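Residue strings, one per chain:
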Amino acid sequence: MSLLSKDLVTIRQLGNKEIELILDCAASLKEVSTREIKKVPALRGKTIVNLFLEPSTRTRVSFEIAAKRLSADTINVSGTGTSISKGETLADTARNIQAMNPDILVIRHPAAGAPLLLSKILTCSVINAGDGAHEHPTQALLDMFTIREKKGRIAGLKIAIIGDISHSRVARSNIWGLRTMGAEVTVAGPPTMIPVDAESLGVKVSYDLIDAIKDADVIMMLRIQRERMAESLFPSLREYSRYFGLGYRHLKQARPEVIIMHPGPVNRGVELESALADSDHAVILDQVTNGVAVRMALLYLLAGGIIETGN
Ligand code: CP
């Protein structure tokens, strides 16, 4: 069975079966990164361009590592080094890259909808590596992979997502993905950070940290994104941290085996107590490790790879 669509622009295009397929493919590819020679020839002869027009550490590096572990040729293009800084439009830049015949274009862009635009005008595959405050589908997939790996399942789990839900592309993609996979999702944060129509996404809404994490199997903390805030949505970082920062003292409210997730980068001492970020409950670095396997799976499937599903 192969992934049907040419592109991955939103997690909403994936149903339960497609998500399972990607996670299963990632599970079989994860082992490659533990070998002494961390390379398989699956994408030999394929060309992947990583076009990152917004800062990134985890996503950019893991897409490049994923492509190299599959033996693809990779080219990294970043904002300051492109002709966009000379006034070229994104569409023209993308058309020029396509004229060099890549197979996959991975794009991160500060504007919501940029990957969708490129998916419509390019014949190569387009992967959304984060578009503004809209979506981050590969982050949601690696988060679901990590949850399934740690908990053995996703369906029926109680998952609390805490923080700036309104500005978070990670929250939006995770809510859609986790709901598709049958998890029970609660979002919490100050009222200024929760979309007014949040319940229409099929989640429970709370404005209280303790209430939101009660009996949670998974707590996903979000970064305070000062760069996307047009205005201050809370009086001070100290006040935010006091009411919505997660610390050891809160964990007795959750299930004993609760895992703490964070997409990174972490504002230590703001949304998450530093010692808790380094504790056995935290799976933050497992998320990063799994990001390589999930992105290998996506590159492989979008490049036309097939896996046996037994169906
Ligand atoms: N999680 C995430 O997208 O991190 P980067 O911004 O470092 O890629």
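Cut-off values and rules
- Residues numbered from 1 in each chain as written.
- Predicted model: local features only at pLDDT ≥ 70, side-chain atom pairs only at ≥ 80, totals over all residues.
- Heavy atoms only, no water.
- Helix = DSSP H or I, 4+ residues; strand = E, 2+ residues; numbered from the N terminus.
- Buried < 20%, exposed > 50% of the residue type's maximum accessible area, 1.4 Å probe, protein only.
- Contact = heavy atoms within 4.5 Å.
- Core = buried A, V, L, I, M, F, W, Y, C linked by side-chain atoms within 4.5 Å.
- Phe/Tyr/Trp six-rings, centres within 6.5 Å; stacked < 30°, edge-to-face > 60°.
- Lys NZ or Arg CZ within 6 Å of the ring centre and 35° of its normal.

**Q** Can you help me understand the environment of isoleucine 161 in this one?
**A** Structurally, isoleucine 161 can be placed in strand β5 (residues 158-162). By relative accessible area, isoleucine 161 is classed as buried at 0%. For the pair isoleucine 161 and lysine 86, spaced 75 residues apart in the sequence, the C-alpha separation amounts to 40 Å. The residues contacting isoleucine 161, other than those within four sequence positions of it, are Ala171, Asn174, Ile175, Val185, Thr186, Val187, Ala188, Met220 and Leu222.

**Q** What is the right way to read the nonpolar core from this model?
**A** Within soluble globular proteins, side chains that are nonpolar tend to cluster in buried spots. Membership of the largest hydrophobic core comes to 64 residues, with the highest contact counts inside it found for Leu141, Met144, Ile161, Leu178, Val187 and Leu299. It is helix α10 (residues 284-302) that provides the largest number of residues to this core, a total of 10 residues. Formed by 26 residues, the second largest nonpolar core is a distinct cluster that contains Ala212, Ile224, Phe234 and Ala254.

**Q** Please clarify how unusual backbone geometry should be interpreted in this entry.
**A** The bulk of non-glycine residues show a negative phi, and the bulk of peptide bonds are trans. The omega torsion across glycine 264 and proline 265 is -10°, close enough to zero to call that bond cis. When you line up the elements, proline 265 lands in the loop between β9 (259-261) and α9 (274-277). One non-glycine residue, serine 71, adopts positive backbone phi at about 70°. Tracing the chain through its elements places serine 71 in the loop between α2 (58-69) and β2 (73-78). A positive phi angle, near 65°, is found at asparagine 101, a position not held by glycine. Take asparagine 101: it is sitting in the loop between α3 (90-98) and β3 (104-109). You can call asparagine 101 exposed: its relative accessible area is 61%.

**Q** For this particular structure, what's the right way to read the packing of aromatic side chains?
**A** The description of an aromatic ring pair uses the distance of the two centres, along with the angle that the planes make with each other. Enumeration according to the criterion identifies 1 aromatic pair in this entry. Here the basic side chain of arginine 12 rests over the ring of tryptophan 176, its NZ or CZ set 4.1 Å away from the ring centre.

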